[in-house]
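# Residue-level structural notes
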Amino acid sequence: MRILIVEDDPDLGRQLSEALGDAGYAVDKATDGEEGHFLGDTEPYDAVVLDLGLPVIDGISILQKWRADGKDFPVLILTARDQWSEKVAGFDAGADDYLTKPFHTEELLARLRALVRRAAGHTTDTIDIGGLTVDNRAGRAFVDGSPIKLTSHEFRLLSYMAMHVDKVISRTELVEHIYDQDFDRDSNTIEVFIGRLRRKIGVNRIETVRGLGYRLVDPEEDPGGEKT
Ligand code: CA
């Protein structure tokens, strides 16, 4: 899962990106409204944390532009305390949730998890797929109750696939959702990651759909489709 943070306060920005990175997200950061708008316009984020008071373009205007352009990622706005009118303006512009500064990191993480899972059509942080359990809150995975040792990138990949279980996901899509923009992205490494994941969770849990991508499945159920 990949998150964009648009925040001009350097300390808060750093604190947020560290917390989100530690929580297992790929994180991009923008420090002014123009850069923030551009990134949200060009990259497929799983959620955005948007400060409202920003240099160049304010947060409400950015959000209005994104929504007018059909960007549907969940957006959590950061508002000043007691500014109820900011919250209303934010929701009217297309925000999905808000937090009042100052806030506890744990609350931000919980709200983000809720936004991300809801956008993907899940109701809880734990996804169970025929004995494979992906716990997005704890950042852990289990097969038949036994914990699986995964690197942070492997978990990010598995988490994204679990959020989109039974859907065919292209390598490009995986690259875009598990790496931040500064990472040296190479879609060939996805194949390596998939290979490692298959060895850890069971070969038959990830199907290769020739020419299209990969699909995480419950091996006990056959969703049909071409297998290799
Ligand atoms: Ca600000």
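Residues numbered from 1 in each chain as written. Predicted model: local features only at pLDDT ≥ 70, side-chain atom pairs only at ≥ 80, totals over all residues. Heavy atoms only, no water.

Turning to the coordination of the calcium ion, a few remarks are in order. The coordination sphere of the calcium ion contains the protein donors D8 (OD), D51 (OD) and G53 (O), at a distance range of 2.2 to 2.3 Å. A residue is classified by how much of its surface remains accessible, and D51, at 5% relative accessible area, is buried. (Donors = N, O, S within 2.8 Å, 3.2 Å for Na, K, Ca; no water. Buried < 20%, exposed > 50% of the residue type's maximum accessible area, 1.4 Å probe, protein only.)

Okay, the sheet that holds strand 3 (residues 47-51) next. Reading across the sheet, the five strands line up as 2-1-3-4-5 and stay open at both edges, with parallel pairing between neighbours. In this open sheet, the two edge strands, each paired with only one partner strand, are strand 2 (26-30) and strand 5 (97-100). When strand polarity is set aside, the average angle formed by the axes of neighbouring strands in this sheet is 20 degrees. Contacts from helix 2 (residues 33-42) reach strand 1 (2-6) and strand 2, with the element oriented near 140 degrees to strand 2. Each of strand 1, strand 3, strand 4 (75-79) and strand 5 is contacted by helix 5 (residues 105-119), which is oriented at about 175 degrees to strand 5, the strand it contacts most. (Pairing = 2+ DSSP bridges. Helix = DSSP H or I, 4+ residues; strand = E, 2+ residues; numbered from the N terminus. Axes fitted to C-alpha atoms, helices over the stretch in contact; angles between N-to-C directions. Contact = heavy atoms within 4.5 Å.)

This brings us to the domain arrangement of the protein. Reports of interface size often rely on the accessible area that becomes lost once the parts have come together. Entries for the protein in the domain assignment read domain 1 (2-119) and domain 2 (126-216). On the domain 2 side, the residues contacting the 13 residues of domain 1 number twelve residues. Both sides together, the interface formed by domain 1 and domain 2 hides about 1,000 Å², and carbon and sulfur atoms give 46% of it. At the junction of domain 1 with domain 2, the criterion picks out zero salt bridges. The tally of links between domain 1 and domain 2 comes to seven residue pairs in polar contact (both at pLDDT 80 or more). Taken together, the elements giving at least two residues each to the side of domain 1 that touches domain 2 come down to strand 2 and helix 5. (Domains from an automatic or database assignment. Buried area = accessible area lost by both parts, 1.4 Å probe. Salt bridge = Lys/Arg side-chain N within 4 Å of Asp/Glu carboxyl O. Polar contact = N/O pair within 3.5 Å; in protein donor to acceptor, adjacent residues only side chain to side chain.)

The next thing to look at is the sheet that holds strand 7 (residues 132-135). Taking strand neighbours across the sheet as the criterion, the four strands line up as 6-7-8-9 in an open arrangement whose pairing is antiparallel. In the strand order of this sheet, the two ends are held by strand 6 (126-129) and strand 9 (146-148), each with one partner. With direction set aside, neighbouring strand axes in the sheet form an average angle of 25 degrees. For strand 6 and strand 7, the ladder comprises four bridges, and the chain directions are antiparallel. Residue pairing for strand 7: I129 is matched across the bridge by L132.

A separate point is the environment of P147. Mapping P147 onto the fold places it in strand 9. Along the primary structure P147 and A30 are separated by 117 residues, whereas in three dimensions their C-alpha atoms are 36 Å apart. Apart from residues no more than four positions distant in its own chain, P147 is found in contact with R140, A141 and F142.

Right, let's get into the nonpolar core. Counting residues in hydrophobic clusters, the biggest one holds 47 residues, and the most contacted among them are L20, V49, L108, M161, L174 and L216. Taken together, domain 1 (2-119) and domain 2 (126-216) each give at least three residues to this core, which thus spans both. L20 has contacts with I3, I5, Y25, V27, L108, L109 and L112, leaving out every residue within four places of it along the chain. Core analysis: the next-biggest nonpolar cluster, separate from the first, contains 19 residues, A30, Y45, I60 and I62 among them. (Core = buried A, V, L, I, M, F, W, Y, C linked by side-chain atoms within 4.5 Å.)

Bringing the packing of helix 2 against helix 3 (residues 59-68) into the picture now. Two elements in contact, helix 2 and helix 3, have axes whose closest approach is 10 Å; the angle formed by their N-to-C orientations is 20 degrees. In terms of orientation, helix 2 and helix 3 fall into the roughly parallel class. Handedness of the crossing formed by helix 2 with helix 3: right-handed. Mapping the contact onto sequence places G33, G36, H37, G40 and D41 in helix 2 and I62, K65 and W66 in helix 3. Here the residues of the contact of helix 2 with helix 3 are counted per class, giving two nonpolar, four polar and two charged. (Parallel < 35°, antiparallel > 145°, perpendicular 65-115°, else oblique. Left-handed = near helix turned anticlockwise from the far one by under 90°. Nonpolar A, V, L, I, M, F, W, Y, C, P; charged D, E, K, R; others polar.)

Of all the residues in helix 3, the buried ones are G59, I60, I62, L63 and W66. Each buried residue of helix 3 lies within a common arc of 160 degrees when the element is viewed along its axis, so the set occupies one face. For helix 3, the N-terminal cap is D58; the gap from its side-chain oxygen to the backbone nitrogen of I60 is 3.1 Å. (Arc of directions from axis to C-beta.)

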